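# Summary of structural features
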Amino acid sequence: MSLLHGECGFVGLSHALSTYIVIDGIITAYLSAYLSVEDVPDFSVQEALNQINDAKSNEELQTLGNRSDVSLQLYHAGFGNEQLSLNNKSKATQCILHHQVIRSRRDAIIGLKNGLDTANFLDLLTANSGCLQLIFPLSHEVQYSANDIMALIDKTSLTGISDKQRKVFEWFTCYLTVLEEADNVKMDKQKLLHSYVWSCQD
């Protein structure tokens, strides 16, 4: 764990998932840290979940349920035999969240848990639940600037590199700057990065 060396811990893991890893109980994880749309790493699934949550009529939900991407998510989440409605959309959302955040990543969770157990972190976290946020900080709790990342690069290693390697380094430097600008002005990162990638291909 990098936090042992004065750095941040395992960044970006939802509180529900980190609680589940430590306590080893899905129900406890639900009670301790309610799953949210932000816990899902896939932006397209997040968008679908938000559309389900925002739907105001049964007709709108039925249209969503007939979409191939939504119906596939519902099927994998074990919600394939019901039609979306205002009465069950919350249940459908929770089924998808549970599948996306916990069930579909069970092997990775077990691997992470075994690693924590080897380093005796599980005992620490079980006895001191307040350390969860230290070891598993959320993304917005850890901030790095482009300069912070560039400072970690040994500039002497750039001596004698090929033109292609130098272009890659220059692209990476610009990429970091674009990301930072997106944060500063609250722009849509996906759209900004997409336009940046295309501009690099010109």
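See the structure printed just above.
A brief structural summary.

Glancing now at the overall build of the protein chain. Looking only at helices and strands, the protein chain has 12 helices and zero strands in total. Taken from N to C terminus, the helices and strands of the protein chain fall in the order α-α-α-α-α-α-α-α-α-α-α-α. Looking at the 202 residues of the protein chain, the share that counts as buried comes to 34%. By sequence separation, contacts in the protein chain at least 24 residues apart represent 55% of the contacts at least 6 residues apart. Summed over all atoms, the accessible surface of the protein chain reaches about 13,000 Å², with 54% contributed by carbon and sulfur.

On to empty space enclosed by the protein, then. According to the stated counting rule, one finds one cavity of 30 Å³ or more in the structure shown. As a volume, the largest cavity reaches approximately 30 Å³. Contributing to the lining of the largest cavity are Val-45, Ala-48, Leu-49, Ile-52, Val-70, Gln-73 and Ile-96. Those elements that place two or more of their residues in the lining of the largest cavity are α3 (43-54) and α5 (68-76). Considering each element in turn, the lining of the largest cavity owes the most residues, four residues, to α3.

This part is about the packing of α3 against helix α6 (residues 89-101). The N-to-C vectors of α3 and α6 enclose an angle of 165°; their axes lie 9 Å apart at closest approach. Comparing their axes, α6 and α3 come out roughly antiparallel. Pair α3 / α6 crosses with left-handed handedness. Seen from α3, the contacting residues are Val-45, Leu-49, Ile-52, Asn-53 and Asp-54; seen from α6, they are Lys-89, Thr-93, Ile-96, Leu-97 and Gln-100. Residue composition of the contact of α3 with α6, by class: five nonpolar, three polar and two charged.

Tallied over the full model, the rule gives two salt bridges. Two residues, Asp-69 and Arg-67, come together in a salt bridge whose shortest N-O distance is 2.8 Å. Under the relative-accessibility criterion, Asp-69 is labelled partly exposed at 36%. Two residues, Glu-82 and Lys-91, come together in a salt bridge whose shortest N-O distance is 3.1 Å. For Glu-82, a relative accessible area of 36% gives the class partly exposed. Taking the relative accessible area as the measure of exposure, Lys-91 reaches 46% and is therefore partly exposed.

Once that is clear, we can look at the side chain of Thr-93. Structurally, Thr-93 is set in helix α6. For Thr-93, a relative accessible area of 5% corresponds to the buried category. Sequence-distant contacts of Thr-93, that is, excluding residues within four places in its chain, are made with Leu-49, Ile-52 and Asn-53.

About the cut-offs
Residues numbered from 1 in each chain as written. Predicted model: local features only at pLDDT ≥ 70, side-chain atom pairs only at ≥ 80, totals over all residues. Heavy atoms only, no water. Helix = DSSP H or I, 4+ residues; strand = E, 2+ residues; numbered from the N terminus. Buried < 20%, exposed > 50% of the residue type's maximum accessible area, 1.4 Å probe, protein only. Contact = heavy atoms within 4.5 Å. Areas by Shrake-Rupley, 256 points an atom, 1.4 Å probe, with all protein chains shown as cover. 1 Å grid on protein atoms, 1.4 Å probe; cavity = no way out; pocket = protein on both sides within 12 Å on 5 of 7 lines; lining within 4 Å. Points joined across faces, edges and corners; volume = space filled by probe spheres on them. Axes fitted to C-alpha atoms, helices over the stretch in contact; angles between N-to-C directions. Parallel < 35°, antiparallel > 145°, perpendicular 65-115°, else oblique. Left-handed = near helix turned anticlockwise from the far one by under 90°. Nonpolar A, V, L, I, M, F, W, Y, C, P; charged D, E, K, R; others polar. Salt bridge = Lys/Arg side-chain N within 4 Å of Asp/Glu carboxyl O.

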